Amino acid sequence: MAYQTLLVETKERIATVTINRPEKLNALNAQAKAELRQAFDAIAVDPSAGVVVITGGGEKAFVAGTDIGELTALTRASGEEFSAGGQKLFDRIERLGKPVIAAINGYALGGGCELALACHIRIASEKARFGQPELNLGIIPGYGGTQRLVRLIGRGRATEMILSGAQIDAAEALRIGLVNKVFPHAELMSRVMQLAGAIASMSEVAVRLALQAILATEEATLSAGEAIEAKLFGECCASEDFREGTRAFLEKRKPVFTHR
Ligand code: COA
């Protein structure tokens, strides 16, 4: 599929999605959002893609937010729709059924920070900067940011980031748990690919069910979550990969999982 705003490439079970509007710091316009939806829908059913990496084109930005030029005509009704549409897109990414790693190579502001929040793992370059500057525009984060940022870094820190609109650097993002790891800029993609490769070699079934169990914490009480975990654990035990994984351990060899 040819996209105008994205580059998508799948190699060795890793699909890399690059948001590619570097002249606008990869700001998400309507077309980029529509293409992201198409790309993730295609990746969801692509048996050759086990893990997804998402990053930004050019040298400066991951994504510098939603395209501000497209905000100006919004009304109460269309604004609500606009926000719900972005939420739906990022929910699609979070609920893809395959792990999505954000390789944050520069500015991750507004919708860019929210996109990173919807990914399962966030790895940043030392050049990355994070912020929710929406209040400067007279709006609030609308692509799930008020919900996911609080869950990830806690209410106090999230409130400060959202109300101040201030940017934080990669070291601070690491300190407060907004990202998992920070690497020198030149190493970012090789480090991310190393992690993606390690995950891609795991049992596809177990990876999918682990993500499903982890996501259940968002909606479920502890006891309901544990019931879901037990059910998914049982589902793993019915898989060929479970037999291979346990057998390989006992035979002192590396497991060979079957990937579609
Ligand atoms: N929407 C639309 N265009 C954007 C954009 C956005 N979110 N972020 C950057 N751009 C555009 C700029 O308008 C500029 O376009 P131009 O060359 O046609 O004038 C181009 O990208 C380069 O950005 P510029 O501002 O010149 O780069 P900079 O290095 O001076 O500043 C930022 C970088 C990220 C600090 C600055 O671009 C910025 O504040 N962007 C908006 C961030 C934001 O508020 N995001 C939340 C939106 S809800």
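Overview of the structure.

Residues I68, L137 and I139 make up a contiguous nonpolar surface patch of about 250 Å² in total accessible area. Relative to the helices and strands, I139 is located in the loop between β8 (129-131) and α4 (145-153). Under the relative-accessibility criterion, I139 is labelled partly exposed at 35%.

In the region of the ligand, 15 residues are neighbours, and K24, K60, A64, T66 and I68 sit closest. In the model, an oxygen atom of the ligand is placed 3.5 Å from a nitrogen or oxygen of the E23 main chain. With respect to the ligand, the side chain of K60 contributes an N or O atom lying 2.6 Å from an oxygen atom. When the ligand is considered free in solution it has 860 Å² of accessible area, and contact with the protein chains removes 59% of it.

Opposite charge on two side chains makes pairing possible when the charged atoms of those side chains draw close. Enumeration over the complete set of coordinates arrives at 15 salt bridges. Between K127 and E59 there is a salt bridge, with the nearest N and O atoms lying 3.7 Å from each other. Pair noted here: K127 is in the loop between β7 (121-125) and β8 and E59 is in the loop between β3 (51-56) and β4 (61-63), with a separation of 68 residues, a long-range link. Look at K127 and you get partly exposed, because its relative accessible area is 41%. The partner of R148 in a salt bridge is E94, and the shortest N-O contact between them spans 2.9 Å.

Time to look at the nonpolar core. Counting 48 residues, the largest nonpolar core has L36, F40, I54, F62, I104, F130 and L178 as the members making the most contacts within it. Of the residues forming this core, the biggest block, six residues, is contributed by helix α1 (residues 30-44).

Below, the discussion takes up unusual backbone geometry. For E12, which is not a glycine, the phi torsion comes out positive at approximately 50°. Locating E12 in the fold gives a position in the loop between β1 (6-11) and β2 (14-19). Relative accessible area serves as the criterion here: at 73%, E12 is assigned to the exposed category. One non-glycine residue, L25, adopts positive backbone phi at about 50°. By the element assignment, L25 lies in the loop between β2 and α1. Judged by relative accessible area, L25 falls into the partly exposed class, the value being 24%.

Thresholds applied
- Residues numbered from 1 in each chain as written.
- Predicted model: local features only at pLDDT ≥ 70, side-chain atom pairs only at ≥ 80, totals over all residues.
- Heavy atoms only, no water.
- Patch = residues over 30% accessible without salt bridge, like charges linked within 9 Å, V, L, I, M, F, W, Y side chains within 5 Å.
- Areas by Shrake-Rupley, 256 points an atom, 1.4 Å probe, with all protein chains shown as cover.
- Salt bridge = Lys/Arg side-chain N within 4 Å of Asp/Glu carboxyl O.
- Helix = DSSP H or I, 4+ residues; strand = E, 2+ residues; numbered from the N terminus.
- Buried < 20%, exposed > 50% of the residue type's maximum accessible area, 1.4 Å probe, protein only.
- Near = heavy atom within 4 Å.
- Polar contact = N/O pair within 3.5 Å; in protein donor to acceptor, adjacent residues only side chain to side chain.
- Core = buried A, V, L, I, M, F, W, Y, C linked by side-chain atoms within 4.5 Å.

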